[in-house]
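The primary structure of each chain is shown beneath.
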Amino acid sequence: MQKDANEARCMEELAFMKDFVRLCDDGYRQGWHERNGGNLTYRMTTEDVAQAQLFFNGTPYEWTPLDVLAPSMAGEFFVSTSAGSYMRNISSDTSHYVGIVEINGKGDAYRVVWGFEQGARPTSELPSHVLNHAVRAAATDGACRVMYHAHPSSVIAMTMVVELNARTITRLLWQAMTESILAFPMGVGVVPWMVPGGADIAKATSKLMKTYDAVIWASHGLFATGPDFDAAFGLMHAIEKAAGVYVRARCMNGGSDNFRNTITDEGLRAIADEFNLPINEAFLEETLI
Ligand code: 13P
Ligand code: ZN
């Protein structure tokens, strides 16, 4: 049973931290986190911070440059996995492989206030996470709080074979599985292959996050976002499931993408109408609009 926040004896017993750790475990069990692949951040609520403050370090670490500028994230607190951490180890040694960082008043530096013990530091993708959080928070009126990066095989495989643009990949994913358009009605953004871990890929990704709540990194993986851990995990799961169906169908079809049966644009539009979805119209064929 969940402990009341007042009864928590350590950071690991607070509800947001339990949910954070659970997602890491779940993602590992899905096979999305070979080695240190993938990372996770959570933008804490004021209530989370009030509860967590009790366990913050007496003296925070020094400010470290973020390498990107995110003024709207000034003063925010993020839970983050550490650089080089294996998702399979997060639950057994949380205060080593997870930490909490505070963003400074300009939105261009961070300092550690809890965790990252034994010299650990936040994920190398922190610039992408913070910039993406800034853009998604603005796009969702502050609702988006979880930023999840994983290395799911079928999504990565797909980027080796299909044209690398958001419309093409989104349509293939929508056509692969009826639930796809319900899970990601605005589609999925695509960043061409880039060097990971820096400001350039952060800027390219966050630009797409204005439109999409999930963005693929070609030959690398996927970012999925959401207001809570279930939503972000569910989005990752749905996209990878659809990609898996596409990969299998194409294999069964002798490598061809000329499928015998698929969901038509008329069908996709009918789902959108039935469920009142705010779909990305530009991704359906114009003749049917
Ligand atoms: P980190 O170990 O620094 O989080 O990096 C893993 C990763 O997936 C890089 O894209
Ligand atoms: Zn990665």
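Right above here is the structure, for reference.
Residues numbered from 1 in each chain as written. Chains lettered and ligands numbered in written order. Predicted model: local features only at pLDDT ≥ 70, side-chain atom pairs only at ≥ 80, totals over all residues. Heavy atoms only, no water.

## Here we look at the nonpolar core
Met-11 and Ile-100 are the most contacted members of the largest nonpolar core, which totals 72 residues. Ranked by residue count, the leading element in this core is helix α9 (residues 229-252), at nine residues. Ignoring any residue separated from it by four or fewer positions in sequence, one finds Ile-100 in contact with Met-11, Met-17, Met-44, Phe-56, Phe-77, Phe-78, Val-79, Arg-111, Val-112, Val-113, Trp-114 and Phe-116. (Core = buried A, V, L, I, M, F, W, Y, C linked by side-chain atoms within 4.5 Å. Buried < 20%, exposed > 50% of the residue type's maximum accessible area, 1.4 Å probe, protein only. Helix = DSSP H or I, 4+ residues; strand = E, 2+ residues; numbered from the N terminus. Contact = heavy atoms within 4.5 Å.)

## A short note on the pattern of salt bridges
Summed over all chains, the structure comprises nine salt bridges. Between Arg-43 and Glu-76 there is a salt bridge, with the nearest N and O atoms lying 3.4 Å from each other. One end of the pair, Arg-43, is in strand β1 (residues 39-43); the other, Glu-76, is in the loop between β2 (64-65) and β3 (77-81), with 33 residues separating them in the sequence. The same class applies to Arg-43 as to Glu-76, namely buried. The partner of Arg-167 in a salt bridge is Glu-285, with the nearest N and O atoms 4.0 Å apart. Of this pair, Arg-167 sits in helix α6 (residues 166-176) while Glu-285 sits in the segment after α10 (265-274), and the two are 118 residues apart along the sequence. Note on Arg-167: relative accessible area 28%, which makes it partly exposed. (Salt bridge = Lys/Arg side-chain N within 4 Å of Asp/Glu carboxyl O.)

## Examining unusual backbone geometry
Positive phi, normally seen in glycine, also occurs at Arg-35, with a value near 50°. Along the polypeptide, Arg-35 turns up in the loop between α1 (15-29) and β1. The phi angle at Asn-276 is positive, at roughly 55°, despite the residue not being glycine. One can find Asn-276 in the segment after α10.

## A closer look at the coordination of the zinc ion (ligand 2)
Protein coordination at the zinc ion (ligand 2): the donors are His-149 (NE2), His-151 (NE2) and His-220 (NE2), at 2.0 to 2.1 Å from the metal. Since its relative accessible area comes to 1%, His-149 is described here as buried. For His-151, a relative accessible area of 14% translates into the label buried. (Donors = N, O, S within 2.8 Å, 3.2 Å for Na, K, Ca; no water.)

## Some points on the packing of α6 against α9
Between α6 and α9, whose axes approach to 8 Å, the crossing angle comes to 85°. Taken together, the axis directions place α6 and α9 in an arrangement best described as roughly perpendicular. Of the residues in α9, those touching α6 at Leu-172, Leu-173 and Ala-176 are Ile-239, Ala-242, Ala-243, Val-245 and Tyr-246. Each residue belonging to the contact of α6 with α9 can be placed in one class, and the counts come to eight nonpolar, no polar and no charged. (Axes fitted to C-alpha atoms, helices over the stretch in contact; angles between N-to-C directions. Parallel < 35°, antiparallel > 145°, perpendicular 65-115°, else oblique. Nonpolar A, V, L, I, M, F, W, Y, C, P; charged D, E, K, R; others polar.)

## Structural notes on the site of ligand 1
Contacts to ligand 1 come from Asn-36, Gly-37, Gly-38, Asn-39, Ala-83, Gly-84, Thr-123, Ser-124, Glu-125, His-149, His-151 and His-220. A distance of 2.7 Å separates an oxygen atom of ligand 1 from a polar backbone atom of Gly-84. Glu-125 is positioned with one of its side-chain polar atoms (N or O) 2.5 Å from an oxygen atom of ligand 1. When isolated, ligand 1 has an accessible area of 300 Å², and the protein chains bury 91% of it. Taken together, the residues of the shell around ligand 1 break down into one nonpolar, ten polar and one charged. (Near = heavy atom within 4 Å. Polar contact = N/O pair within 3.5 Å; in protein donor to acceptor, adjacent residues only side chain to side chain. Areas by Shrake-Rupley, 256 points an atom, 1.4 Å probe, with all protein chains shown as cover.)

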